[in-house]
Amino acid sequence: MNIKGGCYCGAIRYEFEGDVTATFQCHCRECQYFTGGHASAAYVLPQDKFTFTKGSPARFCRSDLQEPIERLFCADCGTQLVAISPKRPSSFILKVGTTDDPENWTPQFALFTCDKQPYQTLPDSVPSFEKRPPPPSN
Ligand SMILES: [Zn+2]
Ligand SMILES: [Zn+2]
């Protein structure tokens, strides 16, 4: 799959070419800060198939957390592009809203519904999990 995108102001552009690992929507409390209140829509991708083709993002990690998520964002316009989970250090969690064709995305599952707000909707006929989905059994 080929995915192109960038931040709101255009200072940062990226391209991905390869197989997407997963797609999900995340209802966790942290994501609500970054989306404005709804679930975050994301692709999980291998970092080595992803290139920043213009600009380079600023990085932020909370220092008060044991295993913080690292967040990559445009220092000019503030758009968050990518998150890196300590559980998947070689993957990028790419924000679908920053892709050029966000209509191409569909979720495979929903997670962290423990934090779901009453006004957030779950997609029809996809699994949803209170926290993370169980690890694959292979
Ligand atoms: Zn920007
Ligand atoms: Zn989340």
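Here's a quick rundown of the structure. (Residues numbered from 1 in each chain as written. Chains lettered and ligands numbered in written order. Predicted model: local features only at pLDDT ≥ 70, side-chain atom pairs only at ≥ 80, totals over all residues. Heavy atoms only, no water.)

**Considerations on the coordination of the zinc ion (ligand 2)**
Using the following cut-off: Donor atoms (N, O, S) are those found within 2.8 Å of the metal centre, with the cutoff raised to 3.2 Å for Na, K and Ca; water is not part of the atom list, so apparent gaps in a site can occur. The rule is simple: take the accessible area with a 1.4 Å probe, protein chains only, and divide by the maximum for that residue type; under 20% is buried, over 50% is exposed, in between is partly exposed.
Distances from the zinc ion (ligand 2) to its protein donors, Cys-26 (SG), Cys-28 (SG) and Cys-31 (SG), fall within 2.1 to 2.2 Å. Between consecutive donor residues of the zinc ion (ligand 2), the sequence gaps follow C-x1-C-x2-C. A relative accessible area of 6% means that Cys-26 is categorised as buried.

**Points about the side chain of Gln-25**
Our working rule: A run of H or I in DSSP becomes a helix once it reaches four residues, and a run of E becomes a strand once it reaches two; helices and strands are each numbered from the N terminus. Any pair of nitrogen or oxygen atoms within 3.5 Å is treated as a polar contact; in protein, a donor-acceptor pairing is required on top of that, and neighbouring residues in sequence qualify only through side-chain atoms on both sides. Any two residues whose heavy atoms approach within 4.5 Å are treated as being in contact.
As for its placement among the helices and strands, Gln-25 is situated in strand E3 (residues 22-26). Judged by relative accessible area, which is 10%, Gln-25 ranks as buried. Polar side-chain contacts of Gln-25 include one of 3.3 Å to the backbone oxygen of Thr-121. Setting aside anything within four residues of it in sequence, one finds Gln-25 in contact with Ala-39, Ser-40, Trp-105, Pro-107, Phe-109, Ala-110, Leu-111, Thr-121, Leu-122 and Pro-123.

**Here we look at the pattern of salt bridges**
This is how the line gets drawn: By convention in these notes, a salt bridge is any Lys or Arg side-chain nitrogen within 4 Å of a carboxyl oxygen on Asp or Glu.
Considering all chains together, one arrives at 5 salt bridges under this definition. The partner of Lys-4 in a salt bridge is Glu-15, with the nearest N and O atoms 3.9 Å apart. In this pair, Lys-4 sits in strand E1 (residues 2-6) while Glu-15 sits in strand E2 (residues 13-17), placing the two residues 11 residues apart along the sequence. We classify Glu-15 as partly exposed; its relative accessible area is 29%.

**Observations regarding unusual backbone geometry**
Comment: phi is negative for the bulk of residues other than glycine, and the bulk of peptide bonds are trans. Phi is positive for Phe-112, which is not a glycine, with a value near 55 degrees. With a phi angle near 55 degrees, Ser-125 is a residue other than glycine that sits in the positive phi range. The exposure class of Ser-125 is exposed, given its relative accessible area of 77%.

**Comments concerning the sheet that holds E1**
To keep it simple, the criterion reads: Paired strands, as defined in this entry, are two strands with at least two bridges between them according to DSSP. Here, axes are lines fitted to C-alpha atoms. For helices the fit covers the stretch in contact, and angles between N-to-C directions go from 0 to 180 degrees.
The strand order across the open sheet formed by 3 strands is E1-E2-E5, and the pairing between neighbours is antiparallel. In the strand order of this sheet, the two ends are held by E1 and strand E5 (50-54), each with one partner. Across the sheet, the mean angle separating the axes of adjacent strands is 20 degrees when strand polarity is ignored. Relative to E5, E2 is paired through 4 bridges, and the arrangement is antiparallel.

**Remarks on the coordination of the zinc ion (ligand 1)**
Rules: Square planar and octahedral assignments, for four and six donors respectively, both demand that opposite donors be over 155 degrees apart and that all other angles lie between 65 and 115; tetrahedral needs four donors with all angles between 85 and 135 degrees, and anything else is irregular.
In the first shell of the zinc ion (ligand 1), the protein supplies Cys-7 (SG), Cys-9 (SG), Cys-74 (SG) and Cys-77 (SG), at 2.3 Å from the metal. In this structure, the zinc ion (ligand 1) is coordinated by 4 donor atoms arranged in tetrahedral fashion, with angles at the metal of 106 to 113 degrees. Each donor residue of the zinc ion (ligand 1) lies on the same chain, and together they follow the pattern C-x1-C-x64-C-x2-C. With Cys-7 in the loop between E1 and E2 and Cys-77 in the loop between strand E7 (70-73) and strand E8 (80-84), this pair connects stretches of sequence that are 70 residues apart. Residue Cys-77 is classed as partly exposed on the basis of its relative accessible area of 28%.

**Remarks on the sheet that holds strand E10 (residues 109-111)**
The mixed open sheet is built from 7 strands, whose spatial order is E6-E7-E8-E9-E4-E3-E10. Each of the sheet's edge strands pairs with one partner strand only, and the pair in question is strand E6 (58-61) and E10. Taken pair by pair, the neighbouring strands of this sheet meet at an average axis angle of 30 degrees, ignoring direction.

**As for the side chain of Lys-95**
Using the following cut-off: Charge assignment: positive for Lys and Arg, negative for Asp and Glu; neither His nor the chain ends contribute.
In this structure, Lys-95 sits in strand E9 (residues 91-95). One buried charged side chain, Lys-95, makes no salt bridge at all; its nearest oppositely charged neighbour is Glu-30, positioned 10 Å away. One polar contact links Lys-95 to Ser-40, side chain to side chain, over a distance of 3.4 Å.

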